[in-house]
Amino acid sequence: MCDSRQVYDRLDIATNKPSPEAMRQVRYHLVGIADPRATYTAFEFVEAATGAIAGIAARGKLAIVEGGSMLWADALTEGFSLAGVEPRPQRRAELEQLPVEELSGLLYRLDPEAVVDTRNPVRLIRAIEILEVAGPPLARRRTRRPPAWTPVRIGLTADLGTIDKWLAERSRDQLARGLVEETRAALAFGVPPDAPVLTGIGYAEAMMYINGEVALEDLAGVMARSNRRYARRQLRWLRRNPAITWFDATANPVPRILEFLQEQRL
RNA sequence: GCCGAGGUAGCUCAGCUUGGUAGAGCACUUGACUGAAAAUCAAGGUGUCCCCAGUUCAAAUCUGGGCCUCGGCA
């Protein structure tokens, strides 16, 4: 599973984890394996997924990488180096206090040639973090070495009206299944409000409700809107990749996907 | 019916005092993305400024009338 929210333990509803029945039928990897109070990174995912894929292949099975975390998927299938420098939370906290102008000034003192979005604090802080540990130039740290296996990229899509309808239904369903209670339980367990899992769609909105910023009757609509925006962002990311073969998700796409894989001699 | 507040972008609203190219946030569309990525950042379009008349070189802005909404009083 290539999903930056399903990796976390305890938060099941709005992360859209597979049902217990589904988990019994198929062996899933990388679902619920991480402490929700911490941050699980793209690098950790690539390492774990690479190991899981090797294990699956060793058992003579075909690995399926499923999910919507685009950077994670590309990092895995394209073999991004991810710079080879670990995050340093304490230094990040210091840098977060600085205005973007100072961050970009600091960046260019470390590496005048650095190519970074100079108005994006998250990007600037990461670039500074890499340069402070590894030194310039930044560009040298960002390489790609594709994996030994060959990915077959499959995209599922539907017309936007259908996607929007599904997302609205799913948002209502998640609330009915106890999303707010699950969010409260996570907070009580000690998951920080700014932990990645609680910034995910569904939990972010549930927190707004808990903080009195949105009414209960508006919650499903606000969730659906966040989902719509993200679905479009995912489609935009995927659209640029010419290696993807697309299938219509409105009818059961599995038979045609299997046919397609046969043609690929897999 | 009377009193008060209001009517400007899809939504919430600023601008009106002192007339001079109609704005912000959100939404939407597009783009960026190499250890936070469901995060983060950027660019872009959007208008009977409720209607009619008047004043004026010029009205969202000033004046008069009308319509509508909300609140209070009856």
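Residues numbered from 1 in each chain as written. Chains lettered and ligands numbered in written order. Predicted model: local features only at pLDDT ≥ 70, side-chain atom pairs only at ≥ 80, totals over all residues. Heavy atoms only, no water.

A.B. asks: Could you give an account of the pattern of salt bridges, with specific residues and numbers?
C.D. replies: A full pass over the atoms with the stated rule returns 11 salt bridges. With a shortest N-O distance of 2.8 Å, K17 and D12 are connected by a salt bridge. D12 sits in the partly exposed class, given a relative accessible area of 35%. R91 is the salt-bridge partner of E94, the closest N and O atoms lying 2.8 Å from each other. Taken together, the residues E94 and R91, both in helix α4 (residues 89-96) and three residues apart, mark about one turn of the helix. The exposure class assigned to E94 is partly exposed, which follows from its relative accessible area of 44%. Because the salt bridges share partners, they merge into one network encompassing R88, R91, E94 and E132. (Salt bridge = Lys/Arg side-chain N within 4 Å of Asp/Glu carboxyl O. Buried < 20%, exposed > 50% of the residue type's maximum accessible area, 1.4 Å probe, protein only. Helix = DSSP H or I, 4+ residues; strand = E, 2+ residues; numbered from the N terminus.)

A.B. asks: Give a detailed account of the confidence of the model for chain A, specifying residues and quantitative values.
C.D. replies: With 100% of its residues at a pLDDT of at least 70, chain A reaches an overall mean of 94. Of the two predicted TM-score estimates for the complex, the pTM is 0.90 and the ipTM is 0.91. (pLDDT = per-residue confidence, 0-100.)

A.B. asks: Quick one: what's the story with the protein's contact with RNA strand B, residue by residue and with numbers?
C.D. replies: The immediate surroundings of RNA strand B are formed by 48 residues, with S4, L82, N120, R229 and Y230 found nearest. Between RNA strand B and R5, the relevant distance is 2.6 Å, taken from a sugar or linking oxygen to a side-chain nitrogen or oxygen of the residue. Interatomic distance of 3.3 Å between a backbone N/O atom of G68 and a phosphate oxygen of RNA strand B. When residues of the surface near RNA strand B are traced back to their parent elements, those giving at least two are α3 (70-78), α4, α6 (121-134) and α10 (216-239). The element best represented in the surface near RNA strand B is α10, accounting for eight residues. Looking at the surface near RNA strand B residue by residue, the classes come out as 18 nonpolar, 12 polar and 18 charged. (Near = heavy atom within 4 Å. Polar contact = N/O pair within 3.5 Å; in protein donor to acceptor, adjacent residues only side chain to side chain. Nonpolar A, V, L, I, M, F, W, Y, C, P; charged D, E, K, R; others polar.)

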